[in-house]
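These are the residues of each chain, in order.
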Amino acid sequence: MAKNNKKIVPIAIVCALIAVAAVAAFLLTRPSKEKETISVYNWGDYIDTACLDLFEQETGIEVIYEVFETNEDMYAKIAEGGSSYDVIIPSDYMVERMIEEQLLQKINWDNIPNIVNIDPRFLHEDYDPEAAYSVPYTWGTMGILYNTKRVTTPPTSWQTLLDPAYANDMLMLNSPRDTLGIALVMCGHDLNSTDPADLEDAKNLLLEQKPMVLAYVVDEVKDKMIAGEASVALVWSGDATFCMDESDDLDYVVPEEGSNIFYDSICIPANARNVSGAEKFIDFLCRADIAAMNYEYVGYAIPNTAAIELMGADEYNASPVNNPPQEVLDKCHVFKYLGDDTKLYDQIWTEIISDF
Ligand code: N2P
């Protein structure tokens, strides 16, 4: 017996080791049960988060969601390379830059059947002439949001933002391209100017304005204007719509000197990890019911004809903020990517907001 037992123990150990190895091999080679995810990088307040929940429920794909405040912040994060997103939403000039720098990938339209819902006049814009890299999401203008109780004569000019009557009562956008673009227009220059003399004028104008600025803000502009903390603000039209829905004391104007018109688009970065998940999400956002739900929450004008029809085109078109008259649109221009001259803008902007 004792002799036999001596043999049985090593056999048992060998069997146990084989079993452990088999279980380990099974665990390592079986298909992963990990949840599929996509990672989305969007502007603040730029989606109805209920849409994210719905997407997760419908597809089982979990959305990892992060926000940015400006194109420049988003670009810096992507260009730096340490991060990987599957879906991003840059504006026109930033789409142009990112295509040029090969930071985006072409979209496989076969996988975005709901693209038929997008009004074709929003495709083939100059920033993506072959309509290869971007799916139109929203669009809008820049203008002045003002409190009608305190600004009793409706403003017509950008000069309102230099009026000492609103000293410490005005909000400006903490966004280099937008704010310098409008300053260029206020000086009578092209909003895409790269002429150092024009930019010097714009800089001086913003430095002159600076002591009168209550704050340079982005998403906080909405709460502040709704709460009546300032009388006038430089805003994007969709934020104006959002605020005007919340307060009867607010109105919006695109000044007569002209302004910027922007197109924000959904793109897939070159280094995306889950392209098929990204395509599903983009197609979901282009669905009429989802685009309509998103519009009701976000407030920005949409290029989705099917969603507009679903909500009622007459009501949608009745908003002069999101459906500006042609004479207003004729005076609005799209920002272009300015190549190396972007550095000049960045330098000036740093000078303006430093020591505020
Ligand atoms: C929403 C940001 C809108 C982006 N908070 C304007 N291009």
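Basis of the calculations
Residues numbered from 1 in each chain as written. Predicted model: local features only at pLDDT ≥ 70, side-chain atom pairs only at ≥ 80, totals over all residues. Heavy atoms only, no water. Helix = DSSP H or I, 4+ residues; strand = E, 2+ residues; numbered from the N terminus. Buried < 20%, exposed > 50% of the residue type's maximum accessible area, 1.4 Å probe, protein only. Contact = heavy atoms within 4.5 Å. Core = buried A, V, L, I, M, F, W, Y, C linked by side-chain atoms within 4.5 Å. Domains from an automatic or database assignment. Near = heavy atom within 4 Å. Polar contact = N/O pair within 3.5 Å; in protein donor to acceptor, adjacent residues only side chain to side chain. Areas by Shrake-Rupley, 256 points an atom, 1.4 Å probe, with all protein chains shown as cover. Buried area = accessible area lost by both parts, 1.4 Å probe. Salt bridge = Lys/Arg side-chain N within 4 Å of Asp/Glu carboxyl O. Pairing = 2+ DSSP bridges. Axes fitted to C-alpha atoms, helices over the stretch in contact; angles between N-to-C directions.

**Student:** Outline the side chain of S134, supporting the account with residue identities and numerical values.
**Tutor:** With respect to the helices and strands, S134 occurs in the loop between α4 (92-100) and β4 (135-147). Relative accessible area serves as the criterion here: at 5%, S134 is assigned to the buried category. Excluding residues that lie within four positions of it along the chain, S134 makes contacts with V95, I107, W109, Y127, D128, S265, I266 and C267.

**Student:** Break down the nonpolar core for me, with residues and values.
**Tutor:** Formed by 117 residues in total, the largest nonpolar core has its most connected members in I88, M98 and F281. It is β4 that contributes the most residues to this core, seven residues altogether. Lining this core are residues from two domains, each supplying at least three of them: domain 1 (37-139 + 263-322) and domain 2 (140-261 + 334-353). If we skip the residues at most four places from it in the chain, M98 touches M74, Y75, I78, I88, P90, L103 and L104.

**Student:** Can you break down the site of the ligand residue by residue, with the values?
**Tutor:** Near the ligand, the surroundings consist of W43, G44, Y46, S91, D219, W236, F262, D264 and Y300. Between the ligand and the protein, one listed contact pairs a nitrogen atom with a backbone N or O atom of G44 at 2.7 Å. Out of a free accessible area of 260 Å², the ligand has 99% covered by protein chains.

**Student:** Now, about the environment of S231: what can you tell me, with residues and values included?
**Tutor:** Mapped onto the fold, S231 is located in the loop between α7 (220-226) and β7 (232-236). Distance from S231 to L173, taken between C-alpha atoms, is 14 Å for residues 58 residues apart in sequence. The residues contacting S231, other than those within four sequence positions of it, are L145, Y146, N147, R150, V151, Y166, D169 and M225. In this structure the side chain of S231 is engaged in a polar contact, spanning 3.2 Å, whose partner is the side chain of R150. Looking at S231, its side chain comes within polar contact range of the side chain of D169, at 2.4 Å.

**Student:** Account for the domain arrangement of the protein chain, naming residues and giving values.
**Tutor:** Where interface size is given, it is often the accessible area lost as the parts come together that is meant. Partitioning the protein chain into domains gives domain 1 (37-139 + 263-322) and domain 2 (140-261 + 334-353). Distance between the C-alpha centres of domain 1 and domain 2: 25 Å. For the pair domain 1 and domain 2, the summed buried area comes to about 2000 Å², and 58% of that belongs to carbon and sulfur atoms. The largest share of the area that domain 1 buries against domain 2 comes from Y93, Y300 and V321, three residues that together contribute 29% of it. In this structure, the connection of domain 1 to domain 2 is made through two salt bridges. Between D126 and K336 there is a salt bridge, and its shortest N-O distance comes to 3.9 Å. Joining domain 1 to domain 2, the criterion identifies four residue pairs in polar contact (both at pLDDT 80 or more).

**Student:** An account of the sheet that holds strand β3 (residues 87-88) is requested, with residue identities and associated values reported.
**Tutor:** In spatial order, the strands read β2-β1-β3; together these three strands make up an open sheet with parallel pairing. Of all strands in the sheet, those bounded by a partner on one side alone are β2 (62-68) and β3. Two elements, strand β1 (residues 37-43) and β2, share seven bridges in a ladder whose sense is parallel. Its bridge partner being in β2, S39 is matched across the sheet by I64. Packing of helix α3 (residues 71-80) onto the sheet brings it into contact with β1, β2 and β3, and relative to β1 it is tilted by some 145 degrees.

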